[in-house]
Number of protein chains: 2
Amino acid sequence: MKLEEIFLFDGVDSSDKARMISCFKIQRRKYKPGEIICDFEEKRDRVGIILSGSVSLVRIDASGNRIVIEDLSENDVFGEMFALADDAPHGIFAECEKKCEVAFVAYSQISKRCENACLCHTTVVENMFRVVTKKTKRLSERIEVLSNKSIRDKLLCLFSMYSQREGKPSFELPFSLSYLAEYICADRSAMMREIKHMSDDGLIKNDKRRIEMLI
Amino acid sequence: MKLEEIFLFDGVDSSDKARMISCFKIQRRKYKPGEIICDFEEKRDRVGIILSGSVSLVRIDASGNRIVIEDLSENDVFGEMFALADDAPHGIFAECEKKCEVAFVAYSQISKRCENACLCHTTVVENMFRVVTKKTKRLSERIEVLSNKSIRDKLLCLFSMYSQREGKPSFELPFSLSYLAEYICADRSAMMREIKHMSDDGLIKNDKRRIEMLI
DNA sequence: AAATTTCTGTTGCATATGCAACAGGAGGTG
DNA sequence: CACCTCCTGTTGCATATGCAACAGAAATTT
């Protein structure tokens, strides 16, 4: 993906765009799966924008469990919390999932107004705002899923989101069942068992990642 | 709280501020506990800013359970997801918790640039951006807590966040134990039981809302 | 083609947790 | 004071769920 195409410059006309790209001193880097892109131990004045591939925001907790807090792909942003936050969280880092390329931009470049007070800066800030709002929505949805107490209710909550999004009762999970268990923070085998029960109870039909909701 | 004091106008000089306040056609309204401030069935072009009191973003799920997705107080924002999102979520509404006053601002007013392309609009968008980022951080933290599988681990995760924030191992919960159970999405009695076990195991000392972590 | 890893699927067992039900205390209100 | 509501605290019971362990299928790499 070219820098010209990232969401950050949506709505900026091409001459301004070219000027900003050179002015922003954007750094690009490629990563292989498993590589640590960035830890957030210190406060950093930069955000990452994903140009290709996918990245996970991961935390290792006290017991050594790996928790995926966010899953990011093309045109998503990470690090904005750390560029702005006063109190730095602990043990969170960005890890490459599928081989990826990331563009790093200094946050101060984004927020500052240039000498000419040009409109394009405003547009850029608005674009950032839109992406962060999208992220808020995704996180809220996940909380909604996790707030259900039983595995069954978590799955029903998530499945109905998907079927609503598709506009029909059947859909294909966008990831593996292992990952699904991670997403709903349940034990995989317990989840598999529950899916079978739900199928036995006539709530859903399923075959691997294909799910059909029967009310 | 006066409109002049809300975060939205931070960094805007007072003459511009006065001009914007009149130009934005902000509506203010007071609510009593339990009142529904706003449902989000239809897409609305406005965000709410809380001037005083507190507000919960609540969802009633299919089984009739009440889920608090976000807790908001002074200078927090709600509705920005719905002003921007394409697909409107279902059954979410904002409910007054402690008696409150809310200012409603049309989102288009915030994002649009006025004829003069004045700087203050940029500042306002930046301020919105900062608040939404703060919200993202809060939601991430909650996911981190909820991602723990056992009640014990959820509590330890949350408690260590608090003690870290306080800079010392003992702290006072900012809300009731009933509410704590809601926050970690666990049954209250089960949580109380677990707190006792943790105390028996020498992990914490506790008296009502006062918690002390012993490693 | 062979080797290796990841994904899907299943089972037994111990126990953590939800649920229902109850009770005393604190605080607020008429 | 009497009444009410909310918060804290506790217990018994049924069961949902985590954990460990295993195995074949599918995908990916060598």
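What about the relation of the copies chain A and chain B?
- Of the transformation superimposing chain A on chain B, the axial component is 0.0 Å and the angular component is 180°, with the fit at an RMSD of 0.0 Å. Taken together, the rotation and translation relating the two chain copies correspond to the operation of a two-fold axis.
- Interface residue correspondence from chain A to chain B reaches 100%, placing this contact among same-surface, isologous pairings.

Regarding the interface of chain A and chain B
- Taken together, the contact between chain A and chain B spans 44 residues of the former and 44 residues of the latter.
- Summed over the three residues of chain A that lose the most area to chain B, namely Phe129, Lys137 and Ile143 of chain A, the buried surface amounts to 16% of that side.
- The interface formed by chain A and chain B includes two salt bridges.
- A salt bridge links arginine 59 of chain B to glutamate 144 of chain A; the shortest N-O distance between them is 2.7 Å.
- Where chain A packs against chain B, one counts two residue pairs in polar contact (both at pLDDT 80 or more).
- Put simply, the parts of the chain that give the side of chain A that touches chain B at least two residues each are β4 (66-73), α2 (80-84), α3 (107-111), α4 (119-146) and α5 (151-166) of chain A.

Let's talk about the sheet that holds strand β8 (residues 204-207) of chain B
Residues and elements named next belong to chain B.
- Pairing in this open sheet of three strands is antiparallel, and the strands run β7-β9-β8 from one edge to the other. Both edges of this open sheet fall to β7 (170-172) and β8, since each of them pairs with a single strand only. Taking each pair of neighbouring strands and ignoring which way they run, the sheet shows an average axis angle of 15°.
- One ladder, built from four bridges, connects β8 with strand β9 (residues 210-213); its direction is antiparallel. Paired with aspartate 207 across the strands is arginine 210, a residue of β9.

A word on the protein's contact with DNA strand C
- Neighbouring DNA strand C are 20 residues; Leu177 and Arg188 of chain A together with Ser150, Ile151 and Arg193 of chain B lie closest to it.
- Among atoms of DNA strand C positioned within 4 Å of the protein, sugar and phosphate together represent 50%.
- Take aspartate 187 of chain B: an N or O atom from its main chain is 3.0 Å from a phosphate oxygen of DNA strand C.
- Between a base oxygen of DNA strand C and a side-chain N or O atom of arginine 193 of chain B, the distance comes to 3.0 Å.
- Counting residues per element, the ones that place at least two in the surface near DNA strand C are α6 (177-183) and α7 (188-200) of chain A together with α7 (188-200) of chain B.
- When residues in the surface near DNA strand C are grouped by element, the largest group, five residues, is from α7 of chain A.
- Here the residues of the surface near DNA strand C sort into five nonpolar, five polar and 10 charged.

Things to note about unusual backbone geometry
- Look at lysine 208 of chain A: it is not a glycine, yet its phi comes out positive at around 50°.
- Take lysine 208 of chain A: it is sitting in the loop between β8 (204-207) and β9 (210-213).
- Among the residues examined, lysine 208 of chain A registers a relative accessible area of 67% and is labelled exposed.
- Its identity as a non-glycine residue notwithstanding, asparagine 75 of chain B has a phi of 70°, on the positive side.
- Relative to the assigned elements, asparagine 75 of chain B resides in the loop between β4 (66-73) and β5 (77-78).

A look at the pattern of salt bridges
- Overall, the coordinates contain 24 salt bridges over all chains when judged by the stated rule.
- Between arginine 29 of chain A and glutamate 35 of chain A there is a salt bridge, and its shortest N-O distance comes to 3.9 Å.
- Note that glutamate 101 of chain B is salt-bridged to arginine 28 of chain B, the shortest N-O span being 3.0 Å. Here glutamate 101 of chain B is found in strand β6 (residues 92-106), whereas its partner arginine 28 of chain B is found in strand β1 (residues 27-31), with 73 residues between them in sequence.

Points about the protein's contact with DNA strand D
- The environment of DNA strand D is formed by 20 residues, the closest being Ser150, Ile151 and Arg193 of chain A together with Leu177 and Arg188 of chain B.
- A share of 49% is what sugar and phosphate atoms reach among the atoms of DNA strand D within 4 Å of the protein.
- For DNA strand D, a base nitrogen lies 3.1 Å from a polar atom in the side chain of serine 189 of chain A.
- One of the backbone N or O atoms of leucine 177 of chain B is found 2.6 Å from a phosphate oxygen in DNA strand D.
- Looking at the surface near DNA strand D, the elements with two or more residues in it are α7 of chain A together with α6 (177-183) and α7 of chain B.
- Take the surface near DNA strand D: its biggest share by element is five residues, from α7 of chain B.
- Here the surface near DNA strand D is built from residues that sort into five nonpolar, five polar and 10 charged.

Here's the deal with the confidence of the model for chain A
- Across chain A, pLDDT averages 87, with 90% of residues at or above 70.
- α3 of chain A is the least confidently modelled element of chain A, averaging 78 in pLDDT, while α7 of chain A averages 97, the highest of any element.

Focus on helix α1 (residues 14-23) of chain A
All names here are of chain A.
- Every buried residue of α1 is listed here: Asp16, Lys17, Met20 and Ile21. Down the axis of α1, the smallest arc covering the buried residues is 135°, so these residues share one side. In this structure, α1 carries Ser15 and Ser22 as exposed residues pointing more than 90 degrees from its buried face.
- Buried positions along α1 lie against α4.
- Positive backbone phi, approximately 50°, marks lysine 25, located one or two places after α1.

Brief notes about the packing of α4 of chain A against α5 of chain A
Residues and elements named next belong to chain A.
- At a minimum axis separation of 7 Å, α4 and α5 run at an interaxial angle of 140°. On the basis of the axis angle, α4 is oblique to α5. The residues of α5 that touch α4, namely those facing Glu141, Glu144, Val145 and Leu146, are Lys154, Cys157, Leu158, Met161 and Arg165.
- When the residues that make up the contact of α4 with α5 are grouped by side-chain class, the tally is five nonpolar, no polar and four charged.

Scoring rules and cut-offs
Residues numbered from 1 in each chain as written. Chains lettered and ligands numbered in written order. Predicted model: local features only at pLDDT ≥ 70, side-chain atom pairs only at ≥ 80, totals over all residues. Heavy atoms only, no water. Least-squares fit on C-alpha atoms with pLDDT ≥ 70 in both. Contact = heavy atoms within 4.5 Å. Buried area = accessible area lost by both parts, 1.4 Å probe. Salt bridge = Lys/Arg side-chain N within 4 Å of Asp/Glu carboxyl O. Polar contact = N/O pair within 3.5 Å; in protein donor to acceptor, adjacent residues only side chain to side chain. Helix = DSSP H or I, 4+ residues; strand = E, 2+ residues; numbered from the N terminus. Pairing = 2+ DSSP bridges. Axes fitted to C-alpha atoms, helices over the stretch in contact; angles between N-to-C directions. Near = heavy atom within 4 Å. Nonpolar A, V, L, I, M, F, W, Y, C, P; charged D, E, K, R; others polar. Buried < 20%, exposed > 50% of the residue type's maximum accessible area, 1.4 Å probe, protein only. pLDDT = per-residue confidence, 0-100. Arc of directions from axis to C-beta. Parallel < 35°, antiparallel > 145°, perpendicular 65-115°, else oblique.

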